[in-house]
Amino acid sequence: GTVTHRIPMGASADPYNASTFPYGVLPSADGKKLYVSNWKEGTLAVVDVNNPDAAAVAKTIPVGQHPNAMVFSPAGDRLYVANANSDSVSVIDTATDARLFDIDVRPYKNAPFGSTPNALAVSPDGETLYVLNAGENAVVVVELESQDKEPGKHARKRDDEKRYEVKGRIPTGWYPTALIISP
């Protein structure tokens, strides 16, 4: 293939290395935006690609440390971003391109960091998020609010900052790095 366009992701805050280390790229369903996880900066760049010749970063969203894998909800209204060094998943509203909240995927409250979420999948109904924690050798099963913003069918009523519930963990082999579910 041939490179037809290069889109600068912005300058790094690090004076010794100017790269933001773009890691993952995910296009929106309508093809008008690209979401780029910037590993080094702990940000998500929203790139307007409506006009490819003028493509540019339209917005930068702070997320956790070392964002990597990303996945959309089935409706496309949420983007989930795995943050490897924060042991969290940031939830992004794709209509406003704003971070709504973070899901803590550590094994228990105030656990030391090291779970290393690095892959994500969402159930077809949008009510379950699967987070692959490589450092724990486990898939974390997270019940999400339903698409109409009500608590999931099995979850307790939660306040706005707790729109999820970790239901459990599924053990895996050593340091898993990929995750996919079938309908």
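Residues numbered from 1 in each chain as written. Predicted model: local features only at pLDDT ≥ 70, side-chain atom pairs only at ≥ 80, totals over all residues. Heavy atoms only, no water.

Help me out: how do you make sense of the pairing of strand 5 (residues 67-72) in this one?
Where a strand is regular, its side chains alternate between the two sheet faces. Burial analysis of strand 5 places 6 of its 6 residues in the buried class, which makes it a mostly covered element. Taken together, the 4 bridges between strand 5 and strand 6 (residues 78-83) define a ladder with antiparallel strand orientation. From the neighbouring strand, Val 71 faces strand 6, where its bridge partner is Tyr 80. Following strand 5, the chain reverses through 5 residues before pairing antiparallel with strand 6; Gly 76 in that reversal takes a positive phi of roughly 80°. (Buried < 20%, exposed > 50% of the residue type's maximum accessible area, 1.4 Å probe, protein only. Helix = DSSP H or I, 4+ residues; strand = E, 2+ residues; numbered from the N terminus. Pairing = 2+ DSSP bridges.)

Please clarify how the sheet that holds strand 1 (residues 22-27) should be interpreted in this entry.
Strand pairing within a sheet occurs via backbone hydrogen bonds; the two strands may be parallel or antiparallel. The strand order across the open sheet formed by 4 strands is 1-2-3-4, and the pairing between neighbours is antiparallel. Each edge of the open sheet carries a strand with a single partner, namely strand 1 and strand 4 (56-62). In this sheet, neighbouring strand axes are inclined to one another by 25° on average, regardless of whether the strands run parallel or antiparallel. Bridge analysis of strand 2 (residues 33-38) against strand 3 (residues 43-48) gives 6 bridges, and the strand direction is antiparallel. In the strand pairing of strand 3, Tyr 35 is matched with Val 46. (Axes fitted to C-alpha atoms, helices over the stretch in contact; angles between N-to-C directions.)

How should I be thinking about the nonpolar core in this particular structure?
As a rule of thumb, nonpolar side chains are buried together in soluble globular proteins. One finds Tyr 80, Val 89, Ile 103, Leu 120, Leu 129, Val 131 and Val 142 to be the most contacted residues of the largest nonpolar core, which totals 17 residues. Broken down by secondary-structure element, the contributors of at least two residues to this core are strand 5, strand 6, strand 7 (88-93), strand 8 (98-104), strand 9 (117-122), strand 10 (128-133) and strand 11 (138-144). Beyond its immediate stretch of four places on either side in the chain, Val 131 contacts Val 89, Val 105, Pro 117, Ala 119, Leu 120, Ala 138, Val 139, Val 140, Val 142 and Leu 179. Within the second largest apolar cluster, 11 residues are counted, among which are Val 46, Val 63, Val 81 and Ile 92. (Core = buried A, V, L, I, M, F, W, Y, C linked by side-chain atoms within 4.5 Å. Contact = heavy atoms within 4.5 Å.)

Whenever I open this one, the pattern of salt bridges confuses me. Can you help?
Working definition: two side chains of opposite charge can pair if their charged atoms are close together. Under the criterion given, the structure shown has 7 salt bridges. With a shortest N-O distance of 3.7 Å, Arg 78 and Asp 93 are connected by a salt bridge. Residue Arg 78 is found in strand 6, and its partner Asp 93 is found in strand 7; the two are separated by 15 residues along the sequence. The class for Arg 78 is buried, based on a relative accessible area of 8%. Close ionic contact of Asp 102 with Arg 99 constitutes a salt bridge, the shortest N to O distance being 3.7 Å. (Salt bridge = Lys/Arg side-chain N within 4 Å of Asp/Glu carboxyl O.)

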